[in-house]
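# Residue-level structure breakdown
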Amino acid sequence: LARRGYEASHHRVPRQCQLARYTSRGKGYDRHLDRCSLGVEELGLLEWLRLSDYRGRALTAILYLNDDWQIQRDGGALRCWIGGREPFDVAPLGGRLVIFDSGAVEHAVLAASADRVA
């Protein structure tokens with residue numbers, strides 16, 4: 001982590017964690033980063049304060065809890081973009097842990113035809 005610019009004194013446990021159940025009726029999530037680097041001038045004071053956990057986020061960790069998931073049948077992949085490379089998909093298989101740099105890996109969640117848990 002130090003080679004990537006993360007100082008140990010800046011690490012903290014976020015005040016916000018998410019346990020989510022996404023229904024098959026959902027459309028997924030559009031492409032985004034999990035760290036917000038915009039300032040108070042761009043966001044306005046209230047939005048800037050609301051996004052405090054996103055400003056300090058260094059890593060995103062996703063643990064998938066889906067039973068019997070088949071990407072061809074169920075969809076719902078995590079699509080990732082890193083640098084200028086072609087995007088790649090990660091299947092949300094139960095027990096899979098995905099960890100990535102919150103400010104460097106753009107990602108989206110594709111629509112699913114089954115409920116999924118992460």
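What counts, and where the lines are drawn
- Residues numbered from 1 in each chain as written.
- Predicted model: local features only at pLDDT ≥ 70, side-chain atom pairs only at ≥ 80, totals over all residues.
- Heavy atoms only, no water.
- Helix = DSSP H or I, 4+ residues; strand = E, 2+ residues; numbered from the N terminus.
- Buried < 20%, exposed > 50% of the residue type's maximum accessible area, 1.4 Å probe, protein only.
- Contact = heavy atoms within 4.5 Å.
- Areas by Shrake-Rupley, 256 points an atom, 1.4 Å probe, with all protein chains shown as cover.
- Phe/Tyr/Trp six-rings, centres within 6.5 Å; stacked < 30°, edge-to-face > 60°.
- Lys NZ or Arg CZ within 6 Å of the ring centre and 35° of its normal.
- Salt bridge = Lys/Arg side-chain N within 4 Å of Asp/Glu carboxyl O.

## Examining the overall build of the chain
Along its length, the chain carries 4 helices and 8 strands. Counting over 118 residues, the chain shows a buried share of 31%. When contacts within the chain are restricted to residue pairs at least 6 apart in sequence, long-range pairs at least 24 apart make up 73% of them. Total accessible area on the chain is roughly 8,200 Å²; 54% of this is exposed by carbon and sulfur atoms.

## Structural notes on the packing of aromatic side chains
Going through the model one piece at a time under the given rule, you end up with 0 aromatic pairs. Over the aromatic face of Trp 81 sits the side chain of Arg 31, whose NZ or CZ is 4.1 Å from the ring centroid.

## Considering the pattern of salt bridges
For the coordinates displayed, the defined rule picks out 5 salt bridges. Residue Asp 68 is joined to Arg 73 by a salt bridge in which the shortest nitrogen-to-oxygen separation is 3.7 Å. With its nearest N and O atoms 2.7 Å apart, the salt bridge here joins Arg 79 to Asp 89. Highlighted residues: Arg 79 in strand 4 (residues 78–82) and Asp 89 in strand 5 (residues 88–90), separated in sequence by 10 residues. Residue class for Arg 79 comes out partly exposed when judged on its relative accessible area of 27%. The structure contains a network of salt bridges with shared partners spanning Asp 68, Arg 73 and Asp 74.

Taken by themselves, the reported measurements are silent on function.
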